[in-house]
Amino acid sequence: MELWYTENHTPNVRFSIKVEKQLVSVESQFQRIDVFESYEFGKILVIDGYLMLTEKDEFIYHEMLTHVPMAVNPDIKNVLVIGAGDGGTIRELTRYQSIEKIDMAEIDKLVVDVCREYIPQTASKLDDPRVNIYYEDGLKFVRGKQDEYDLIIVDSTDPFGPGEDLFTKEFYGNCYKALKEGGILVNQHESPYYPHNAMAMQKAHKRIKSIFPVSMIYQAHIPTYPSGHWLFGFASKGLDPILDLKEERWNSLGIKTRYYNTQLHRGCFALPNYVKELLENA
């Protein structure tokens, strides 16, 4: 008997990965968390039936979330990460010796516990002394902060269930207040390809653009995410992700990456026409 994990990308499109076995299935007060061992993609983290990451391609997502803002401002010292219970974003951030503090607001402790046990590839740096984990709602956590962070990374689930509040205008406004002068906000921005995802992307972009003076979109290819075409948002109080790229300085750090590089950094902000049209009509 064959065992397959299948995700519905639309009512007419399904994406399947053959799995060897299910490693764990638990229900928290917020969501259901599953981990599978697959043949092609290694361990797979699934939340409420939706694929969050695979060991084989998670490096693409996590590198693009972290190294893009860090190459624009290598002097970032205080970071807030919202969500990111799997630890992959934290792992990438801890590679910068210059970062002094990483606060992480994750609503569901069970996600962290499961990833620590079953996916150490991403959760390996959660015990770094600079990391402070707060098990609380990201919207409420950021609400009380002002002029505190150089960078906020929103590594959230999709805009429904526990992640829904992290796509609201109130949340983005609170992020703006929590950032210092010149601060950067980066968020996962959904896929532009299927209509349901594209609508969520448009809403998020419209809200962020109404608050931040700089608001741009960049992209990456992530094989196991819906359509493989994934977007990220870069917003700031003044820094331009292309004009202010510190290319030589970032390269001098010697951080070994598998996806990100500074040439790709420039190119990833060049968007297909259909995405440009979606953004213009947001």
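Being a predicted model, the structure only gives us computed values, none of them experimental. (Residues numbered from 1 in each chain as written. Predicted model: local features only at pLDDT ≥ 70, side-chain atom pairs only at ≥ 80, totals over all residues. Heavy atoms only, no water.)

S.K.: So what's going on with the sheet that holds strand 3 (residues 32–38)? Residues and values would help.
M.R.: Read across the open sheet, the 5 strands follow the order 1-2-3-4-5; overall the sheet is antiparallel. Edge strands, defined here as strands with exactly one partner in the open sheet, are strand 1 (3–10) and strand 5 (50–54). Taking each pair of neighbouring strands and ignoring which way they run, the sheet shows an average axis angle of 45°. Where strand 3 and strand 4 (residues 43–47) come together, 5 bridges link them in antiparallel fashion. Bridged to Val35 within strand 4 is Leu45. Where helix 3 (residues 109–118) meets the sheet, it contacts strand 2 (13–27), strand 3 and strand 4, and its direction lies at approximately 95° from that of strand 2. (Pairing = 2+ DSSP bridges. Helix = DSSP H or I, 4+ residues; strand = E, 2+ residues; numbered from the N terminus. Axes fitted to C-alpha atoms, helices over the stretch in contact; angles between N-to-C directions. Contact = heavy atoms within 4.5 Å.)

S.K.: Pulling in residues and values, what's your account of the packing of aromatic side chains?
M.R.: Aromatic ring pairs are defined here through the distance separating the ring centres and the angle between the ring planes. One pass over the full model with this rule turns up 13 aromatic pairs. Look at Tyr5 and Phe36: their rings are 6.0 Å apart centre to centre, the planes differ by 35°, and that puts the pair in the tilted class. Remark: Phe36 occurs in strand 3 and Tyr5 occurs in strand 1; sequence separation between them is 31 residues. Judged by its relative accessible area of 6%, Tyr5 falls in the buried class. Judged by centre distance (5.7 Å) and plane angle (65°), the rings of Tyr61 and Tyr225 are edge-to-face. Linking Tyr61 in helix 1 (residues 58–72) with Tyr225 in the loop between strand 11 (214–221) and strand 12 (229–236), this pair joins segments that are 164 residues apart in sequence. Of the two residues examined, Tyr61 and Tyr225, each falls in the buried class. (Phe/Tyr/Trp six-rings, centres within 6.5 Å; stacked < 30°, edge-to-face > 60°. Buried < 20%, exposed > 50% of the residue type's maximum accessible area, 1.4 Å probe, protein only.)

S.K.: Tell me about the pattern of salt bridges, and name the residues and values.
M.R.: Within this structure, the stated rule accounts for 16 salt bridges. Glu55 is the partner of Lys43 in a salt bridge, and the nearest nitrogen-oxygen pair spans 3.9 Å. Of this pair, Lys43 sits in strand 4 while Glu55 sits in the loop between strand 5 and helix 1, and the two are 12 residues apart along the sequence. Of the charged contacts, one joins Lys101 and Asp103 as a salt bridge, the two residues approaching to 3.6 Å between their closest N and O atoms. Taking the relative accessible area as the measure of exposure, Lys101 reaches 24% and is therefore partly exposed. One continuous salt-bridge network, built from bridges that share partners, spans Glu58, Arg91, Glu92 and Arg95. (Salt bridge = Lys/Arg side-chain N within 4 Å of Asp/Glu carboxyl O.)

S.K.: So what about the sheet that holds strand 7 (residues 101–105)? Which residues, and what values?
M.R.: Pairing is mixed across the open sheet formed by 7 strands, whose spatial order is 8-7-6-9-10-12-11. The open sheet has two free edges, formed respectively by strand 8 (131–134) and strand 11, since each of these has just one partner strand. Each strand of the sheet is rotated relative to its neighbour by a mean of 15°, with strand direction disregarded. Both strand 6 (residues 78–83) and strand 7 contribute to a ladder of 5 bridges, which runs parallel. By the bridge assignment, Val79 is partnered in strand 7 with Ile102. In this fold helix 1 packs onto strand 9 (149–155), strand 10 (179–188), strand 11 and strand 12, with an angle of close to 145° to the strand it touches most, strand 11.

S.K.: Tell me about the pairing of strand 6, and please be specific about residues and values.
M.R.: In terms of burial, strand 6 is largely enclosed, as 6 of its 6 residues are buried. Taken together, strand 6, helix 2 (residues 88–93) and strand 7 form a β-α-β motif whose crossover is right-handed. Looking at chain direction, strand 6 and strand 9 are connected through 5 bridges and run parallel. In the strand pairing of strand 9, Leu80 is matched with Ile152. (Right-handed = clockwise from strand over helix to strand, strands pointing away.)

S.K.: Account for the nonpolar core, naming residues and giving values.
M.R.: Counting 61 residues, the largest nonpolar core has Leu151, Tyr218 and Phe232 as the members making the most contacts within it. If you look at the next biggest cluster of nonpolar residues, it comprises 20 residues, including Tyr149, Leu179, Ala204 and Ala235. (Core = buried A, V, L, I, M, F, W, Y, C linked by side-chain atoms within 4.5 Å.)

S.K.: Lay out the environment of Thr54 in plain terms, naming residues and giving numbers.
M.R.: Locating Thr54 in the fold gives a position in strand 5. Residue Thr54 is classed as buried on the basis of its relative accessible area, which comes to 0%. The residues contacting Thr54, other than those within four sequence positions of it, are Phe41, Lys43, Ile44 and Thr224. There is a polar contact of 2.7 Å between the side chain of Thr54 and the side chain of Asp57. (Polar contact = N/O pair within 3.5 Å; in protein donor to acceptor, adjacent residues only side chain to side chain.)

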